[in-house]
Amino acid sequence: MAFHFSLLGIARLIPAVTAAAALAPEQRSNKPLDLCRLVGAHFPGKVWFANSSEYVDSQESYYTLQERELNPSCVFRPALTADVSAFVKLVAANDRYPKNLPKPLFAVRSGGHTLWSGAANVDGGITVDMRGMNSFKLSADKKTASIGGGSNFIDVYPQLVPHNLTILGARMPGVAAGGFLTGGGKNFLARKYGFACDNIFGYEVVLASGKVVYASASQNRDLWLALKGGSNNFGIITRFDVATHPLLGMWGGIVGFEYTPDTLSVHAQAFSDWMRPENVDELSDVAIILGFVNGSFFIEDSLFYSAPVVSPPVFAEFTKLPGVTAQSLELRSVAELVIFMGSILPATIPRSFELVYAFHNPDAATYLALFQTWQAGIQQVQGVQGLQIQYLVQPMPVTNGTNSLGLPPHQPDITMVVLTAAWDNTVDDDTVTKGLQAIVTRHEAILDANKLNIGYKYLNYADVTQNPISTYGAANVARLRAVSRKYDPTGLFQTRVPGYKLPKK
């Protein structure tokens, strides 16, 4: 696949960048540089300030309150790769005077679904809202879909359904390509095809110099691999060329159960059995969801099968579990299934915090010990106003190893747990975060004692304090640093753009 960008469009913007550099004398004065004014002058109709409807839309669309609380000086919404290239050149040229500029300088967002403050938004700087870059093109042989860097998967799936195709994308609405694909990408077919990033043929990337390059297995291969898990550390991706896969339909949904000790016990056994390599059905995906809301506990299973097969045998141990209180299992297209998931999940959440860890599939007794320890830990924070906590147990994608994530390839028995909390008031931040950290500490102690903990933190579900890239292994981290030095020698994306940064030596 090849990326397409307009040389004429870039040429037309070069005078604007040159003019911006000519403004350098202003920055030598004692007046602070109004970078938003400069960017607005060069991109009329694409830069939005506080109180404009476009600015408000960008702010209100972040998933979590911590991101919505940040206030950029302006929001830049590019429409073309040429826009992104000229913007980076302009900003980099004026970053020679850092004392007059905010730090971080600019943030890059697509869906805005990462929970922690500053993941994809910035106080006082510029937020680059990539959602306008939502192009879609299916190749003539229908084996490749080219999607814009800000594409929302809920808009992409319906364009593939008529062709009985899908791409490996998000499982809920609101999640867009940029962060999802550069962090890995847990998807419906992850046990067959791996992470979504394992299925990317190429990237169109704007580097720190403003240069537009294409990264693939045959061009800039080191950058291609780095972008498969390396997050936003190397440039701004304006287009992804991704593999399509056949999909005639899906069966699945959510099943709710009574929350009892017996229910926990049978779920522990069912999940442990399903995760065993000899029981793998690559089209199946299961998650157990333990929850606490409004002072009460609940348990749900999400069951997904990536073929139009009702009640496939691989789910027999789950569909026969007692104590069912509700279920929504039915045949749907992938687009319909994601829309359905959006109907039962909130579009935005209040204050929130999330931690992740991973381990080798254990026996049922170990899962039950984790469940019980989670329940006991909730009692320490259950008085917090508006508290909701979810403990999600699911399989790690079975990667082919063509990425920078550092996980062993072709291993189907690694479990990933995500512990997420939402609550109402800032005053409770410390209580909730310490409460969840204590639960994870106790869980990892259980896993360490049984030599099950692999120490890996999946970036897309990690809190920034977990430093997920550091868990990719020393060799991968060294390669990522080398790629950063090669393609971003000034360190723009390391020092001036927030996100999950490369570990420091």
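Everything in this summary refers to the structure shown in the same document. Remember, predicted model here, so these are calculated numbers, not experimental data. (Residues numbered from 1 in each chain as written. Predicted model: local features only at pLDDT ≥ 70, side-chain atom pairs only at ≥ 80, totals over all residues. Heavy atoms only, no water.)

**As for the state of the cysteines**
- According to the stated counting rule, one finds one disulfide in the structure shown.
- Between the sulfur atoms of cysteine 36 and its disulfide partner cysteine 74 the distance amounts to 2.0 Å. Torsion about the S-S bond of the cysteine 36 and cysteine 74 cystine: about -90°, corresponding to left-handed handedness. In this pair, cysteine 36 is assigned in helix 3 (residues 35–42) and cysteine 74 in strand 2 (residues 74–76), connecting sequence segments 38 residues apart.
- Judged by relative accessible area, cysteine 36 falls into the buried class, the value being 4%.
- Judged by relative accessible area, which is 0%, cysteine 74 ranks as buried. (Disulfide = S-S within 2.5 Å. Helix = DSSP H or I, 4+ residues; strand = E, 2+ residues; numbered from the N terminus. Buried < 20%, exposed > 50% of the residue type's maximum accessible area, 1.4 Å probe, protein only.)

**What about the environment of glutamate 330?**
- Here glutamate 330 is to be found in strand 16 (residues 330–332).
- Contacts of glutamate 330, omitting those with residues within four sequence positions, involve Met250, Trp251 and Gly252. (Contact = heavy atoms within 4.5 Å.)

**Notes on the sheet that holds strand 2**
- Here four strands make up an open sheet; going across it, the order is 1-2-4-3 and the pairing mixed. Each having just a single partner strand, strand 1 (47–48) and strand 3 (106–109) make up the two edges of the open sheet.
- Across four bridges, strand 3 lies against strand 4 (residues 126–129) in parallel orientation. Bridged to arginine 109 within strand 4 is aspartate 129.
- Across the sheet, helix 4 (residues 53–60) lies against strand 1, strand 2, strand 3 and strand 4, angled at about 85° from strand 2, the strand it touches most. (Pairing = 2+ DSSP bridges. Axes fitted to C-alpha atoms, helices over the stretch in contact; angles between N-to-C directions.)

**So, helix 13 (residues 334–344)**
- Here helix 13 has its buried residues at Val334, Ala335, Leu337, Val338, Phe340 and Met341.
- Tucked inside the fold, the buried residues of helix 13 contact helix 7 (153–160), strand 7 (165–166), strand 12 (250–257), strand 14 (296–305) and strand 16.

**A few points about the environment of serine 328**
- Relative to the assigned elements, serine 328 resides in the loop between strand 15 (324–327) and strand 16.
- Owing to a relative accessible area of 15%, serine 328 belongs among the buried residues under this scheme.
- For the pair serine 328 and glycine 256, spaced 72 residues apart in the sequence, the C-alpha separation amounts to 9.1 Å.
- Not counting the four nearest positions on each side in its chain, serine 328 is found in contact with Gly252, Gly253, Ile254 and Phe340.

**Some remarks on the pairing of strand 10 (residues 236–243)**
- Summarising burial for strand 10: eight of the eight residues are buried, a large majority.
- For strand 6 (residues 144–148) and strand 10, the ladder comprises five bridges, and the chain directions are antiparallel. Bridge pairing in strand 10 places isoleucine 147 opposite phenylalanine 240.
- Pairing geometry for strand 8 (residues 200–206) and strand 10, over six bridges, is antiparallel.

**Examining the environment of asparagine 232**
- In this fold, asparagine 232 is placed in the loop between helix 10 (221–227) and strand 10.
- Of the residues examined, asparagine 232 reaches a relative accessible area of 15% and is grouped as buried.
- Residues asparagine 232 and glycine 179 lie 53 residues apart in sequence; the distance between their C-alpha atoms is 7.6 Å.
- Residues contacting asparagine 232, with those up to four places away along its chain left out, are Phe493, Val497, Pro498, Gly499, Tyr500 and Lys501.
- Side-chain polar atoms of asparagine 232 contact the side chain of lysine 501, separated by 3.1 Å. (Polar contact = N/O pair within 3.5 Å; in protein donor to acceptor, adjacent residues only side chain to side chain.)

**Notes on the layout of surface pockets**
- Counted as a void, the second largest pocket has a volume near 390 Å³.
- Looking at the second largest pocket, it is lined by 18 residues, and the ones nearest its centre are Gln494, Thr495, Lys501, Leu502 and Lys504.
- Elements supplying a minimum of two residues to the lining of the second largest pocket: helix 16 (474–487) and helix 17 (492–495).
- Per-element tally for the lining of the second largest pocket: the top contributor is helix 16, with three residues.
- Class assignment of the residues belonging to the lining of the second largest pocket gives a composition of six nonpolar, four polar and eight charged. (1 Å grid on protein atoms, 1.4 Å probe; cavity = no way out; pocket = protein on both sides within 12 Å on 5 of 7 lines; lining within 4 Å. Points joined across faces, edges and corners; volume = space filled by probe spheres on them. Nonpolar A, V, L, I, M, F, W, Y, C, P; charged D, E, K, R; others polar.)

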